[in-house]
Amino acid sequence: MTVLSDMIRKNECKKVISASRKVDLVAFYPDYMAERLEETGAENIHSLVIWTRNPENILSHPRLNRALKQLNQIIILLTVTGLGGTPLETNAPTFDQVFRHLPSLIDFLGSAQRLVIRYDPLIDVIYQERIHLSNLDIDMFIDILNRTHLLGIKRVIVSYVTLYRKVEKRLEANEFRIVDHPMKEIVDFIGNQMIPQTEKLGMELSTCVLPNLTSQGCIDGNTLSLLHPLQESCSHANDQTQREDCHCTKSLDIGQWFVCYHNCLYCYGNPVQKLVKH
């Protein structure tokens, strides 16, 4: 019995496992992720919440795929910013590259409601004082909405970039200048442009901390309980380990602060940080 599985067994409710806010385990560390799931034990897991930009290994990596098939419920929070493959996200896949996996992914999950799009973060930058890169673009957002809506996806999460000092330094070193927007402008963009478009399609938009406009967390115990195929309940308690204003419910994150090779230069984690030359 591992320390992790022993800790879980001491609690009445099965655990919600997060994989991971710290790094994209699916894309770059699938063997590590599979090992952690195996040692935890499928019988101790209520739901697995996966954070990823590239879900391909869920379907194609043999060991990870076997481990995932043992679980009752998997939720995928799929980050799609519209900026994959640009100098800001050099190694992140484009939406077209990710989109081709989504029908098979939904079949694997058992329901499109278990796949959530994170159009996150909203960001606006100038690269080398000549290239404007931004997803504060309602046409870009509508295109992603329309294509995911056709697959039955119902929920989108957005937030505005958090400019930690290490992020500012990294962007400056890589010749990016942030176009900073007043929070009122971001709130207006979300409330007056993004939300009406999601509602028109019968979809739901929620915000992640910045700005704090909605009350549903990215990991939401009530939703996980409702979607669970065996109607099992999980904790609805707020996760006190997250940022102030975070509405997520309790989960156990199995990631580590490994290097992430998507190289998204605004990330609070550990991108490769290579200088980008075009």
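Residues numbered from 1 in each chain as written. Predicted model: local features only at pLDDT ≥ 70, side-chain atom pairs only at ≥ 80, totals over all residues. Heavy atoms only, no water.

(A) Inspection of the overall build of the protein at higher detail. Assigned secondary structure in the protein consists of 11 helices and 10 strands. The C-alpha radius of gyration computed for the protein amounts to 18 Å, which stays within 12% of the reference 19 Å derived for 278 residues, consistent with globular compactness. Each principal axis of the C-alpha atoms in the protein carries an extent, and together these give about 55 × 40 × 35 Å. For the protein, buried positions account for 53% of its 278 residues. Of the contacts formed within the protein by residues at least 6 apart in sequence, a portion of 77% connects residues at least 24 apart. With an accessible surface of roughly 12,700 Å², the protein has 50% of that area assigned to carbon and sulfur atoms. In the protein, 29 side chains carry a positive charge and 32 a negative one; their mean positions are 4 Å apart. (Helix = DSSP H or I, 4+ residues; strand = E, 2+ residues; numbered from the N terminus. Rg over C-alpha atoms; globule rule 2.2 N^0.38 Å. Buried < 20%, exposed > 50% of the residue type's maximum accessible area, 1.4 Å probe, protein only. Contact = heavy atoms within 4.5 Å. Areas by Shrake-Rupley, 256 points an atom, 1.4 Å probe, with all protein chains shown as cover. Lys, Arg positive; Asp, Glu negative; His and termini not counted. Charge placed at Lys NZ, Arg CZ, Asp CG, Glu CD.)

(B) Representation of the packing of helix H3 (residues 30-40) against helix H5 (residues 62-69) within the structure. In contact at an axis separation of 8 Å, H3 and H5 are set at 30 degrees when each is read in the N-to-C sense. In terms of orientation, H3 and H5 fall into the roughly parallel class. The two elements H3 and H5 meet at a crossing, and its hand is left-handed. Of H5, the residues touching H3 (which contributes Pro 30, Asp 31, Met 33, Ala 34, Glu 35, Leu 37 and Glu 38) are Arg 63, Leu 64, Ala 67 and Leu 68. Along the lines of polarity and charge, the residues of the contact of H3 with H5 split into 7 nonpolar, no polar and 4 charged. (Axes fitted to C-alpha atoms, helices over the stretch in contact; angles between N-to-C directions. Parallel < 35°, antiparallel > 145°, perpendicular 65-115°, else oblique. Left-handed = near helix turned anticlockwise from the far one by under 90°. Nonpolar A, V, L, I, M, F, W, Y, C, P; charged D, E, K, R; others polar.)

(C) The arrangement of helix H7 (residues 102-109) in detail. Those residues of H7 that sit buried are Leu 102, Leu 105, Ile 106 and Leu 109. Summarising the axial view, the buried residues of H7 lie within an arc of 100 degrees, below the 170-degree limit, and thus occupy one face. Along its buried surface, H7 packs onto helix H4 (56-60), strand S3 (74-79), helix H6 (95-99) and strand S4 (115-122). Looking at the residues trailing H7, positive phi occurs at Gly 110, about 95 degrees. (Arc of directions from axis to C-beta.)

(D) Region of the structure containing unusual backbone geometry. That bond from Asp 120 to Pro 121 is cis: its omega, 5 degrees, falls within 30 degrees of zero. Here Pro 121 shows up in strand S4. Even without a glycine there, the phi angle at Glu 129 is positive, about 60 degrees. Mapped onto the elements of the fold, Glu 129 is located in the loop between strand S5 (124-127) and strand S6 (131-134).

(E) Looking closely at the pairing of S5. Here S5 shows no split at all, with Asp 124 and Ile 126 on one side and Val 125 and Tyr 127 on the other all buried. Bridge analysis of S5 against S6 gives 4 bridges, and the strand direction is antiparallel. Counterpart to Val 125 in the pairing with S6 is Leu 133. Counting the residues between successive antiparallel strands, the hairpin from S5 to S6 contains 3 residues, one of them, Gln 128, with a positive phi of roughly 50 degrees. (Pairing = 2+ DSSP bridges.)

(F) Examining the sheet that holds S6 more closely. Strand order in the open sheet formed by 3 strands is S6-S5-S8, and the pairing between neighbours is antiparallel. Single-partner strands in this sheet number two, and they are S6 and strand S8 (176-178). Averaged over all adjacent pairs, the angle separating strand axes in this sheet is 25 degrees, with direction ignored. For S5 and S8, the ladder comprises 3 bridges, and the chain directions are antiparallel. Considered in S8, the bridge of Ile 126 is made with Arg 177.

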